[in-house]
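Read off the chains here:
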Amino acid sequence: MIRRRPLAVRRRDFAQSQSSTASQGTTPDTLVIIVSSKTTSGVSYPRSMKKATAKHLIERYFRQLTDGCGNEDCTNEFCASCQHFRPVDKNSAAVKALELYKVNAKLCGPQKKDLDPDQPETSTNGFRPEFNRMTSSDLFPTKEAFSDVYFLTEDSVSVILGFCEEEGDYSALIRVIGRVFSSAEALTQSFRKTPTCSASSGGANGGAGVDADTEGETTAPPVDDTGGAAAAAASPASTEATASSSLGSNDDDLTLDVEGVRRAYDRLQAHEQIEASLVNALVYLCPNLELDLEYLDMYHTNRDYLNIFVLVMENTNLHSPEYLETALPLFCKAVCKLPVEAHARLTRVWSRSGAARIRRLMETFQQLITFTIISNEYDAETLVNDDETVVAATKCLKLVFYASVLGGDLDVGHNEDDDDDSDSDDDEITLQELLGEERLYRRGPRVDLLERELGVRTVDVRRPVVPFEDFVNESVNEAVEMDKDFTFYKVDADSKFSFQSCPFILNAVTKSQGLYYDNRIRMYSERRITALYSMAQGQQPNPYLKLKVRREHIIDDALVRLEMISMENPSDLKKQLFVEFEGEQGVDEGGVSKEFFQLVLEEIFNPDIGMFTYDQETRSFWFNSSSLENEAQYSLIGIVLGLAIYNNCILDVHFPMVVYRKLMGKKGTFPDLADSHPVLYQSLKQLLDYSGNVEEDIVTSFQISGTDLFGNPITHDLKEQGEGIPVTNHNKQEFVDMYTDYILNKSVERQFKAFKKGFLMVTNESPLKYLFRPEEVELLICGSRNLDFKALEETTDYDGGYSKDCQVVKDFWETIHSFGEDQKRQFLQFTTGSDRAPVGGLGKLKMIIAKNGCDTDRLPTSHTCFNALLLPEYSSKEKLKERLLKAITYAKGFGML
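Counting of residues starts from 1 at the beginning of each chain's written sequence and follows it residue by residue. Restriction of local features to residues with pLDDT of at least 70 applies here, the model being predicted, together with a cutoff of 80 or more for giving and counting side-chain atom pairs; totals for whole chains, interfaces and linings are based on all residues. Heavy atoms from the whole structure form the basis of all side-chain values; hydrogens and water molecules are not counted.

### Some words on the overall build of the chain
In step 1: Helix and strand definitions here come from DSSP, where helices need a minimum of 4 consecutive H or I residues and strands a minimum of 2 consecutive E residues; each element is numbered from the N-terminal end. Looking only at helices and strands, the chain has 36 helices and 14 strands in total.
In step 2: For the chain, with 897 residues in total, the buried portion stands at 53%.
In step 3: Shrake-Rupley sampling with a 1.4 Å probe provides the accessible areas, and residues are treated as covered by the protein chains on show and by no other component. Of the roughly 40600 Å² of accessible surface on the chain, a fraction of 49% belongs to carbon and sulfur atoms. A simple rule labels every residue: compare its accessible area, found with a 1.4 Å probe on the protein chains alone, to the largest value its type can have, and call it buried under 20%, exposed over 50%, or partly exposed in between.

Here you go:
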């Protein structure tokens, strides 16, 4: 059981609201969602006039709107006989008649006395049919008169609310809300789009639809001082637009009048008396929704069942404490019962609702998650993964996340070919099966059903509607036990929820912990398998990936050894790395490996070798399309990057983001040039933006030029015989696309393919591709460029007699903070083996400062394997600074001190 803490948020008194609701005859525990009218603001009658007179005048207005006065030359714009009058249905006429009565509008002369005797017995406004006949009991109803309201529309809500405002008693509305919003069937029928709304001049259900271009904002006519609609009705243009938006042909379109729902909520939420009824109705409704979906498969029986979930989420008060503790958790559980195709449809509907509403949905579910976590206590036994509310809200947040992806800047094409090596070692698989570990070490992550249904991946979006960072919930990251969560993700996914199945909610630090567990367990698995092989074949076990290299020939030695391993037994790459420099003493506990990586990178990125080109402006490297090096060299650098991730090492590499996007399966496209080739990007952008005659003014063709490794000019035809094809205003976009594809993909295809192959040799079975975005992969490999030494000071531990209050420690930190950027990086390199901060910043780096004797002329030393600095107790700050600077400046190599 989850242990409850005292709530930090003060809640309203539900007991009082429930007792008052019950005394008014409302269905117990009922939620109501009601919509405000676009054209009316409640019916209010002047008390100075007798009801009989008012009734008579309203009936005349109604007949004038529906039947007209009979005068063919009538000029009254509110008369059906006027040539410029746009016909309205009888429901809209009833509402309009009340408005005209309030403003004392013009009445024509003689009118027809009788209403149409063939009026249908059903209504589209939720009232019993007699309401349309404008009887006295309906124009001036009693509370009991609304007992026949079996579903709601924008008009019926307006009329009931107007009656309640006139009487000063909202019990009638509370009853209707309780009855309708506690019934799934009633909600499915409520707030339907009206196919005939194009004939309405501000009619009953006008404006039903979400306009993605205007982020779903309403376009209601102006409202006058009396609260009714302005005398001028909607223009013909707006009416036609309303009609077209009400009848969609897309399978994801709803029959729900979303705009009407929003307007109704706006009006209802202005009355505090109604809020408790809405909460109670939702509490009553949700368990029935769960049963309907789980046992009756209601969504496949009636696709309009999805209207309920859209309608409920349009309530802008769902983030309030009343909903957070009672109604919203139940609603989230009901959403989780929807089938995956319904989740996909709901996601697509939300993706078109605009940035403001997607953000509100995100914030609603985030608040529920945070509210629940801070209201409870979790530990190793009581896991946040077992909290049903947190789990359900996270799954709902996943729908909003993909809505943000779908609504963003998508690039669903331009995918790289899948280079994953599907071949596997049959003996290895057999051993894992014998060990009972086939599920734990299965290849690659599971398929995300929602992602597959939507046909989109996170990597497909360049800029989502809501930034990725806003979906991260720090409360979850603090509460989750990643060792247990990893087990759920890899083994018990069918019975336990893992937050790694919703990686958007986790930050890079937490996800890196999950990746660390995956890597370490795979290393352990390889050790066991190697031990079994050795026992069976009588050989000496080799549980590590051992590399013995010469410092002067580090590339050649590493290349030969890794190439042999990749050909003979690629699974050895998944063992823990153990590096030994020939002729040097030292045991690799992590520090020697760090130095190995750094030396390999310095050698392989040396411009003199020519494998990569360096851009001074971006300070990044790009593959040299004219390189004479073989593919094995590029495979080596790919293996090195994979091993760095696998062994939790940070590398000093400088690639543009397009490299990481390509590693995640996307081809480079024009926007990627801004990061990798900024000068070329600006030139091509100017070409696209040029409004003059491209062919005559710019004079270029589909043949591009460049230089080879030795600076000699070379040309390349983007099309066959491209030299003779001019670039014009009509084909300039094609030219830019083909130019970009050549620079980022085709020209370096050989080099990048070998590079990616080496990378996948190490990471192909890792959840890396599923858990991390390209930006986070760069963070894993390169670490953070932001060096916050204040955070490092706060998290540093002391040993050997030192403490943070010692004078030499104070002098040390004053010295470090006075260093320049380059000196700080040298210090990090000296102490940790890398000049970058780990994922999460320097605050995540556990450094130790240990006392190494009294005052002496010896230099400070370090154990990079353990991020430990051995600092003598120098007699002065000046001596400490001089000794420290000399140590970090001449820190290359490894020796026993």
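What follows continues from the structure just given.
### Focus: the sheet that holds strand β13 (residues 861-863)
In step 1: Strands sit in the order β11-β12-β14-β13 across an open sheet of 4 strands; the sheet is mixed. Of all strands in the sheet, those bounded by a partner on one side alone are β11 (797-799) and β13. Strand-to-strand, the axes of this sheet are offset by a mean angle of 25°, without reference to chain direction.
In step 2: Pairing between strands is defined by DSSP: at least two bridges between them are needed. Taken together, the 3 bridges between β11 and strand β12 (residues 848-851) define a ladder with parallel strand orientation. The partner of Asp797 across the bridge, within β12, is Ile848. To define axes, lines are fitted to C-alpha atoms, for helices over the stretch in contact only, and angles between the resulting N-to-C directions are given on a 0 to 180 degree scale.

### Points about the pairing of strand β8 (residues 620-623)
In step 1: Because side chains alternate across β8, one face comprises the buried residues Ser620 and Trp622, and the other comprises Phe621 and Phe623, equally buried.
In step 2: Sheet topology places strand β7 (residues 612-615) next to β8; 4 bridges connect them, and they run antiparallel. Within β8, the position partnered with Asp615 by the bridge is Ser620.
In step 3: Here β7 hands over to β8 after 4 residues, with Arg619 in that stretch at a positive phi of 55°.

### As for the pattern of salt bridges
In step 1: Take a side-chain nitrogen of Lys or Arg and a carboxyl oxygen of Asp or Glu: if they are within 4 Å of each other, that pair is a salt bridge. For the structure shown, the criterion picks out 31 salt bridges.
In step 2: In this structure, the salt-bridge partner of Lys337 is Glu294, at a minimum N-O distance of 3.3 Å. Of this pair, Lys337 sits in the loop between α13 (321-336) and α14 (340-351) while Glu294 sits in helix α10 (residues 272-295); the two residues are 43 residues apart in sequence, bridging distant segments of the chain.
In step 3: Using a relative accessible area of 32% as the deciding quantity, one classes Lys337 as partly exposed.

### What to know about the packing of aromatic side chains
In step 1: Between rings of Phe, Tyr and Trp, where Trp is taken as its six-membered ring, a pair exists when centres lie within 6.5 Å; planes separated by under 30 degrees are stacked, by over 60 edge-to-face, and by other angles tilted. Under the counting rule described, the total for this entry stands at 33 aromatic pairs.
In step 2: By way of ring pairs, the aromatic residues Phe605, Phe612, Tyr614, Phe621, Trp622, Phe623, Tyr634, Phe655, Phe752 and Phe755 are connected into one cluster.
In step 3: A cation over a ring is seen here: Lys511 above Phe772, with NZ or CZ 5.5 Å from the ring centre. Only when the NZ atom of a Lys or the CZ atom of an Arg is both within 6 Å of the ring centre and within 35 degrees of the ring normal do we say a charge sits over the ring.

### Quick notes on helix α12 (residues 306-313)
In step 1: For α12, the buried fraction is high: 8 of the 8 residues fall into the buried class.
In step 2: Listed in full, the buried residues belonging to α12 are Leu306, Asn307, Ile308, Phe309, Val310, Leu311, Val312 and Met313.

### A few points about the packing of α12 against α13
In step 1: With their axes 11 Å apart at the nearest point, α12 and α13 run at an angle of 145° to one another. Every pair of crossing elements has a handedness; the one defined by α12 and α13 is left-handed. Facing Phe309, Val312 and Met313 of α12, the residues of α13 in contact are Phe331, Ala334 and Val335.
In step 2: Three classes are used: nonpolar for Ala, Val, Leu, Ile, Met, Phe, Trp, Tyr, Cys and Pro, charged for Asp, Glu, Lys and Arg, and polar for all others, with Gly counted as polar. Of the residues in the contact of α12 with α13, the class split is 6 nonpolar, no polar and no charged. Here is the rule for handedness: rotate from the far helix to the near one, and if that takes an anticlockwise turn smaller than a right angle the crossing is left-handed, while a clockwise turn gives right-handed. In this analysis, two residues are considered to be in contact whenever any of their non-hydrogen atoms come within 4.5 Å of each other.

### Remarks on the packing of helix α23 (residues 591-604) against helix α24 (residues 631-646)
In step 1: Packing of α23 against α24 leaves a shortest axis separation of 11 Å and a crossing angle of 150°. Looking at the two axes, α23 sits roughly antiparallel to α24. Note that α23 runs across α24; the crossing there is left-handed. For the pair α23 and α24, contact is made by Phe597, Val600, Leu601 and Ile604 and by Gln633, Leu636, Ile637, Val640, Leu643 and Ala644, respectively. Here the word oblique covers every angle except those under 35 degrees (roughly parallel), over 145 (roughly antiparallel) and from 65 to 115 (roughly perpendicular).

### Observations concerning a nonpolar patch on the surface
In step 1: Each patch is built from residues lacking any salt bridge and having more than 30% relative accessible area; the joining distance is 9 Å for like charges and 5 Å for nonpolar side chains (Val, Leu, Ile, Met, Phe, Trp, Tyr). Side chains of Leu291, Tyr295 and Leu296 sit close together on the surface and give an oily, nonpolar patch of about 360 Å² of accessible area.
In step 2: Among the structural elements, Leu291 can be located in helix α10.

### A few points about the environment of Asp788
In step 1: One can find Asp788 in the loop between α32 (774-782) and α33 (789-795).
In step 2: Distance in space between the C-alpha atoms of Asp788 and Gly843 is 7.6 Å, their sequence separation being 55 residues.
In step 3: N or O atoms closer than or at 3.5 Å make up a polar contact, with two conditions inside protein: a donor-capable atom paired with an acceptor-capable one, and, for residues adjacent in sequence, both atoms drawn from side chains. Separated by 3.2 Å, the side chain of Asp788 and the backbone nitrogen of Lys790 make a polar contact.

### Some remarks on unusual backbone geometry
In step 1: The backbone phi angle of Asn648 is positive, close to 60°, even though this residue is not glycine.
In step 2: Its location among the elements puts Asn648 in the loop between α24 and α25 (657-663).
In step 3: Given the relative accessible area of 54%, Asn648 is considered exposed.
In step 4: One non-glycine residue, Gln721, lies in the positive phi region at around 55°.
In step 5: Position of Gln721 relative to the elements: it lies in the loop between β10 (713-717) and α29 (732-746).

### Things to note about the confidence of the model for the chain
Note: predicted coordinates in regions of low pLDDT should not be interpreted at a detailed level.
In step 1: Along the chain, pLDDT gives the predictor's confidence residue by residue, from 0 to 100. Considering every residue of the chain, the mean pLDDT works out to 78; 77% of them sit at 70 or more.
In step 2: The secondary structure element of the chain with the lowest average pLDDT is helix α8 (residues 236-246), at 32, and the one with the highest is helix α16 (residues 388-406), at 97.
In step 3: Below a pLDDT of 50 lies the segment residues 111-140, which in the model reaches 77 contacts outside its immediate sequence neighbourhood of four places, other chains included.
In step 4: The low-confidence segment residues 419-445, where pLDDT is below 50, has 51 contacts with residues more than four positions distant or belonging to other chains.

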